[in-house]
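Understanding the architecture of this molecule
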Amino acid sequence: MDGRSFILGMSALAAGICTLSGLGSGLGQGIAAGKAAEAVARQPEARSSILSTMLIGQAVAETCSVYGLVIALILLMANPLV
Amino acid sequence: MDFSNRYHAVLFHLGDTPVYLTDTLIATWIVMGILILLAAAVRVRLHRFQDVPGAFQNLMEIAVETMENFTKTTMGPGNEAFAPYFFGVFAFILFSNYSGLFGLRQPTADLATTGALAIMTFVLIHFRGIRKKKWGYVKEYFSPHPIMFPINFVGEISKPISLAFRLFGNMLGGVIIMSLVYGMLPLALRVILPDILHAYFDIFAGSLQAFIFTILSMTFIAEKSAVE
């Protein structure tokens, strides 16, 4: 097996592993949405401000998984190792 | 399966580097054209606006008033002057994201566009902070203890990077999944089935990301320029 194809195959594997970064942010976003639902159930009049706070928090939590996606894409499209 | 940013022609040479006419550039020009035409239409009709608004005037007034109220509630008093700027940014990102519905490649699925938008926010954050706080701005980097300076500094640098990558990654993910689905389906089925995905990736995620970019920029600027 030549080195180039080994690196390409391992890069594809690494890109797959990179998408696992979605695991943590998905969990976090789900917890945030659940807590927001609880808060709306307790205080229905504060719905709009709870919603926008939840969205900001979820957007920040999403950053990690977006970084994972970007690294996966770099490994697949513009591999620096080959 | 084609989701790369295609090069169509060489526009001009910058030194030895050729500057290409890309998909992103075409889509950006179309979005800019639509926004400029809309603004011109509003400007021409402005002197004919009446106390009892018609449909078009009503729509425009609702949009502007919503943005002003939103800026006021998010950024606090004293920052109302940011409303027109953020209205422009929001409209540009929203129209860019919706342009995927018309077969264009979204300009926001290119790191150059989102990076430029994030640099604009970055410059605003720090100019506003320095003008509002003077020396308190520098002191903030060394609080609560001078040993925290590297952490504070890296935190400031990472803000525009995370802003740019969030918008870019979300839109590019949509573009990739859409092109995979289009490549998978036979020609006859490409009409109806991807509509649901378009509704999610272009309309729902597009609106959400435009909203999140605007509200995060607002929060960053407001918290950096808040005087205790």
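Once that is clear, we can look at the interface of chain A and chain B. Listed as interface residues are 13 residues of chain A and, on the opposing side, 18 residues of chain B. Looking only at chain A, the three residues that lose the most surface to chain B are A:Leu55, A:Ile56 and A:Tyr67, adding up to 33% of its buried area. Counting the contacts that link chain A with chain B gives three residue pairs in polar contact (both at pLDDT 80 or more). Here the residues of the side of chain A that touches chain B sort into ten nonpolar, two polar and one charged.

Residues and elements named next belong to chain B. Structurally, threonine 108 is set in the loop between helix H3 (83–98) and helix H4 (111–133). On the basis of relative accessibility, which here comes to 0%, the residue threonine 108 falls in the buried class. On a C-alpha basis, the gap between threonine 108 and lysine 139 in space is 36 Å, while along the polypeptide they are 31 residues apart. Leaving out residues up to four positions away in the same chain, threonine 108 has contacts with Ile93, Ser96, Asn97, Thr114, Leu167, Phe168 and Met171. Looking at threonine 108, its side chain comes within polar contact range of the side chain of asparagine 97, at 2.6 Å.

The geometry of an aromatic ring pair comes down to the distance between the two centres and the angle between the two planes. All names here are of chain B. The tally for this structure, following the rule as stated, stands at twelve aromatic pairs over all chains. Here tyrosine 7 and tyrosine 20 contribute two aromatic rings whose centre-to-centre distance is 4.2 Å and whose plane-to-plane angle is 0°, an arrangement assigned as stacked. One end of the pair, tyrosine 7, is in strand E1 (residues 7–14); the other, tyrosine 20, is in strand E2 (residues 17–22), with 13 residues separating them in the sequence. Of the residues examined, tyrosine 20 reaches a relative accessible area of 32% and is grouped as partly exposed. Seen from their ring centres, tyrosine 85 and phenylalanine 86 are 5.0 Å apart, and the 65° between their planes marks the pair as edge-to-face. Of the residues examined, phenylalanine 86 reaches a relative accessible area of 1% and is grouped as buried.

Before going further, it helps to spend a moment on the pattern of salt bridges. Residue and element names in this part refer to chain B. Applying the stated criterion across every chain yields a total of six salt bridges over all chains. Its salt-bridge partner being glutamate 140, residue lysine 133 comes within 2.5 Å of it at the nearest N-O pair. On the accessibility criterion, lysine 133 (13% relative accessible area) is buried. By relative accessible area, glutamate 140 is classed as partly exposed at 25%. As a salt-bridge pair, lysine 159 and glutamate 223 come within 3.2 Å of each other at their nearest N and O atoms. With lysine 159 in helix H6 (residues 149–184) and glutamate 223 in helix H7 (residues 194–224), this residue pair connects regions lying 64 residues apart in the sequence. A relative accessible area of 12% places lysine 159 in the buried class.

Right, let's get into a negative patch on the surface. All names here are of chain B. Negative charge collects at one region of the surface, where Glu61, Glu65, Glu68 and Glu80 lie side by side. Take glutamate 61: it is sitting in helix H2 (residues 55–75). Owing to a relative accessible area of 31%, glutamate 61 belongs among the partly exposed residues under this scheme.

Residue and element names in this part refer to chain A. For helix H2 (residues 21–42), which comprises 22 residues, the first-to-last C-alpha distance of 33 Å matches the rise-based estimate of 32 Å (1.5 Å per residue) to within 8%. Along H2, the positions that sit buried rather than exposed are Ser25, Gln29 and Ala36. Buried residues in H2, looked at end-on, bunch into an arc of 35°, giving them a common side. Of the exposed residues in H2, the ones pointing more than 90 degrees away from its buried face are Leu23, Leu27, Ile31, Lys35, Ala41 and Arg42. The inward-facing, buried residues of H2 contact helix H3 (47–77).

Criteria and thresholds
- Residues numbered from 1 in each chain as written.
- Chains lettered and ligands numbered in written order.
- Predicted model: local features only at pLDDT ≥ 70, side-chain atom pairs only at ≥ 80, totals over all residues.
- Heavy atoms only, no water.
- Contact = heavy atoms within 4.5 Å.
- Buried area = accessible area lost by both parts, 1.4 Å probe.
- Polar contact = N/O pair within 3.5 Å; in protein donor to acceptor, adjacent residues only side chain to side chain.
- Nonpolar A, V, L, I, M, F, W, Y, C, P; charged D, E, K, R; others polar.
- Helix = DSSP H or I, 4+ residues; strand = E, 2+ residues; numbered from the N terminus.
- Buried < 20%, exposed > 50% of the residue type's maximum accessible area, 1.4 Å probe, protein only.
- Phe/Tyr/Trp six-rings, centres within 6.5 Å; stacked < 30°, edge-to-face > 60°.
- Salt bridge = Lys/Arg side-chain N within 4 Å of Asp/Glu carboxyl O.
- Patch = residues over 30% accessible without salt bridge, like charges linked within 9 Å, V, L, I, M, F, W, Y side chains within 5 Å.
- Areas by Shrake-Rupley, 256 points an atom, 1.4 Å probe, with all protein chains shown as cover.
- Lys, Arg positive; Asp, Glu negative; His and termini not counted.
- Charge placed at Lys NZ, Arg CZ, Asp CG, Glu CD.
- Expected span 1.5 Å × (residues − 1).
- Arc of directions from axis to C-beta.

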